[in-house]
Amino acid sequence: MALSDVILAATLNNLAERYKEEGRYADAEPLYKRVLAISEKARGPDHLSVALALNDLAELYKEEGRYADAEPLYKRALATRKKALGPDHPDVAQSLNNLAGLYLAQGRYADAEPIYKRALAIFEKALSPDHPSVASALNNLASLYKEEARYADTEPLYKRALAIREKALGPDHPDVAQSLNNLADLYTAQGRYADAEPLYKRALASTPEQKGSTLSS
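The structure reproduced in this document is the subject of the present report. None of the values given here were measured: they were computed from a predicted structure. (Residues numbered from 1 in each chain as written. Predicted model: local features only at pLDDT ≥ 70, side-chain atom pairs only at ≥ 80, totals over all residues. Heavy atoms only, no water.)

**Focus on helix α7 (residues 132-147)**
Between the first and last C-alpha of α7 there are 23 Å, a value that for 16 residues agrees with the 22 Å anticipated at 1.5 Å per step. What α7 keeps buried is the set Val134, Ala135, Ala137, Leu138, Asn139, Leu141, Ala142, Leu144 and Tyr145. Taken together, the buried residues of α7 touch α5 (90-105), α6 (109-126), α8 (151-169) and α9 (174-189). Positive phi appears at Ala149, one or two residues downstream of α7, with a value of about 60°. (Helix = DSSP H or I, 4+ residues; strand = E, 2+ residues; numbered from the N terminus. Expected span 1.5 Å × (residues − 1). Buried < 20%, exposed > 50% of the residue type's maximum accessible area, 1.4 Å probe, protein only. Contact = heavy atoms within 4.5 Å.)

Okay, here's the thing in structure tokens:
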């Protein structure tokens, strides 16, 4: 890919991302499509940059609720990454998570579960059982189980994700606060309010705003 193509694609992608963040989906779509076309023409249809462009366009469609448009793009990105990187690469696991997330958004729980499990297994093998990416994969699977009201399956996954994040990132990291909130939300859904309350308080205490007010008092 010529330098001019690289610069153009990056500029278009940045603008598309801005439009997407602003909810200007109709403005973002043609830009994402042009980035995809540039990558395909310059590097061929099986290049990793094409997988990335496919994923970006699929994410846009998912946000719009255009699930039927998003699915083939996610699948093609997954196939491209598998071919280029092998089936056990973390980027393949990320593509699996993306596809499973699309199925979760549609309530296709039986389709999502094995894909989330496969992504989790790849992260554990490729990175280590205590890597933050494993915690994210655990959260994804736990969220699926929570949607199905499979609370007994959900709790140990949220707890393991929390433990990984506390160890890897420290107790005051935003991802730890997210895990605390996830577990507290689960307890709230079960009516276990006494278990939920201290977790919500811990999560609140770790936020920058709360820390700032504590330090200034």
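**Some words on the packing of helix α2 (residues 25-43) against helix α3 (residues 48-63)**
Where α2 meets α3, the axes come as close as 9 Å, and the angle between the chain directions of the two elements is 165°. In terms of axis orientation, α2 runs roughly antiparallel to α3. Along this stretch, α2 crosses α3, giving a crossing that reads as left-handed. Contact residues: α2 offers Tyr25, Ala28, Glu29, Tyr32, Lys33, Val35, Leu36, Ser39, Glu40 and Arg43, while α3 offers Ser49, Val50, Ala53, Leu54, Asp56, Leu57, Leu60, Tyr61 and Glu63. A class-by-class count of the residues in the contact of α2 with α3 yields eleven nonpolar, two polar and six charged. (Axes fitted to C-alpha atoms, helices over the stretch in contact; angles between N-to-C directions. Parallel < 35°, antiparallel > 145°, perpendicular 65-115°, else oblique. Left-handed = near helix turned anticlockwise from the far one by under 90°. Nonpolar A, V, L, I, M, F, W, Y, C, P; charged D, E, K, R; others polar.)

**A word on the environment of Arg66**
Considering the arrangement of structural elements, one finds Arg66 in the loop between α3 and α4 (67-85). In this structure Arg66 comes out as partly exposed when scored by relative accessible area, which is 27%. The spacing of Arg66 and Tyr109 is 43 residues in sequence and 18 Å in space, taken between C-alpha atoms. Aside from chain neighbours lying at most four places away, what touches Arg66 is Glu29 and Tyr61. Only 3.1 Å separates the side chain of Arg66 from the side chain of Glu29, close enough to count as a polar contact. Side chain to side chain, Arg66 and Glu64 meet in a polar contact 3.3 Å long. (Polar contact = N/O pair within 3.5 Å; in protein donor to acceptor, adjacent residues only side chain to side chain.)

**Focus on the pattern of salt bridges**
All told, the structure shown has 24 salt bridges when counted by the stated rule. Residues Asp69 and Arg66 are paired through a salt bridge, measuring 3.0 Å at the closest nitrogen-oxygen approach. Overall, the relative accessible area of 35% leaves Asp69 in the partly exposed class. In the salt-bridge network here, residues are joined through shared partners; they are Glu29, Lys33, Glu64, Arg66 and Asp69. (Salt bridge = Lys/Arg side-chain N within 4 Å of Asp/Glu carboxyl O.)

**Side note on the layout of surface pockets**
Gaps left between atoms are located by rolling a probe of water-molecule size over the structure's atoms. By volume, the largest pocket amounts to about 180 Å³. Going through the elements one at a time, α1 (3-21), α2 and α3 are the ones with two or more residues in the lining of the largest pocket. Residue composition of the lining of the largest pocket, by class: seven nonpolar, three polar and two charged. (1 Å grid on protein atoms, 1.4 Å probe; cavity = no way out; pocket = protein on both sides within 12 Å on 5 of 7 lines; lining within 4 Å. Points joined across faces, edges and corners; volume = space filled by probe spheres on them.)

**Some points on the packing of α9 against helix α10 (residues 193-205)**
Between α9 and α10, the shortest axis-to-axis distance is 8 Å and the interhelical angle comes to 160°. Considered as vectors, α9 and α10 are oriented roughly antiparallel to each other. With respect to the hand of their crossing, α9 and α10 are arranged in left-handed fashion. The segment α9 lies against α10, with Ala177, Leu180, Asn181, Leu183, Ala184, Asp185, Tyr187 and Thr188 engaging Tyr193, Asp195, Ala196, Leu199, Tyr200, Arg202 and Ala203. The residue makeup of the contact of α9 with α10, split by class, is ten nonpolar, two polar and three charged.

**Concerning α5**
Here α5 is 16 residues long and its end C-alpha atoms lie 22 Å apart, about the 22 Å a rise of 1.5 Å per residue gives. Burial runs high along α5: twelve of the 16 residues are buried. Those residues of α5 that are buried lie in contact with α3, α4, α6 and α7.

**Section: the nonpolar core**
Judged by nonpolar contacts, the single largest core of 61 residues is most densely connected at Leu57, Leu96, Leu99, Tyr116, Leu138, Leu141 and Leu183. The residues touching Tyr116, leaving out its near neighbours within four places in the chain, are Asn97, Ala100, Gly101, Leu104, Asn140, Leu141 and Leu144. (Core = buried A, V, L, I, M, F, W, Y, C linked by side-chain atoms within 4.5 Å.)

**Some details on unusual backbone geometry**
One non-glycine residue, Ser128, lies in the positive phi region at around 135°. Along the chain, Ser128 falls in the loop between α6 and α7. By relative accessible area, Ser128 is classed as partly exposed at 28%. With a phi close to 60°, Ala149 is a non-glycine residue in the positive phi region.

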